[in-house]
Amino acid sequence: MRLREILEQIIENGNSVLLSDSNKDWEASELLKNLSEMRLMRQAHMVPGLYIAEINDSGYLGQVLYRIKRK
């Protein structure tokens, strides 16, 4: 699944969560509007309630992109 699809799914489901990176907490809609197309096309995996992590070229979970926080 791509990061774009994960963000769209969060928005569609109406989840009241914030996505936290090392700098700031974000709404999924903010990220969808502000991230570059290249970043949005990244392969990623979401573990609901915990985090969104990238999937590296070998198909394994890589770096955690966003931690999921309840509002």
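Residues numbered from 1 in each chain as written. Predicted model: local features only at pLDDT ≥ 70, side-chain atom pairs only at ≥ 80, totals over all residues. Heavy atoms only, no water.

Engineer: Talk me through the packing of aromatic side chains; I want residue IDs and the actual numbers.
Structural biologist: Taken as a whole, this structure holds zero aromatic pairs when the rule is applied. The ring of Trp 26 carries the charged tip of Lys 24 above its face, separated from the ring centre by 4.4 Å. (Phe/Tyr/Trp six-rings, centres within 6.5 Å; stacked < 30°, edge-to-face > 60°. Lys NZ or Arg CZ within 6 Å of the ring centre and 35° of its normal.)

Engineer: Describe the sheet that holds strand β2 (residues 25–26), with residues and values.
Structural biologist: The strand order β2-β1-β5-β4-β3 describes an open sheet built from five strands, whose pairing is antiparallel. Each having just a single partner strand, β2 and β3 (44–47) make up the two edges of the open sheet. With four bridges joining them, β3 and strand β4 (residues 51–55) adopt antiparallel strand pairing. From the neighbouring strand, Met 46 faces β4, where its bridge partner is Ile 52. Of the strands in this sheet, β1 (17–20), β3, β4 and β5 (61–70) are in contact with helix α1 (residues 3–13), which crosses β3 at around 30°. (Pairing = 2+ DSSP bridges. Helix = DSSP H or I, 4+ residues; strand = E, 2+ residues; numbered from the N terminus. Contact = heavy atoms within 4.5 Å. Axes fitted to C-alpha atoms, helices over the stretch in contact; angles between N-to-C directions.)

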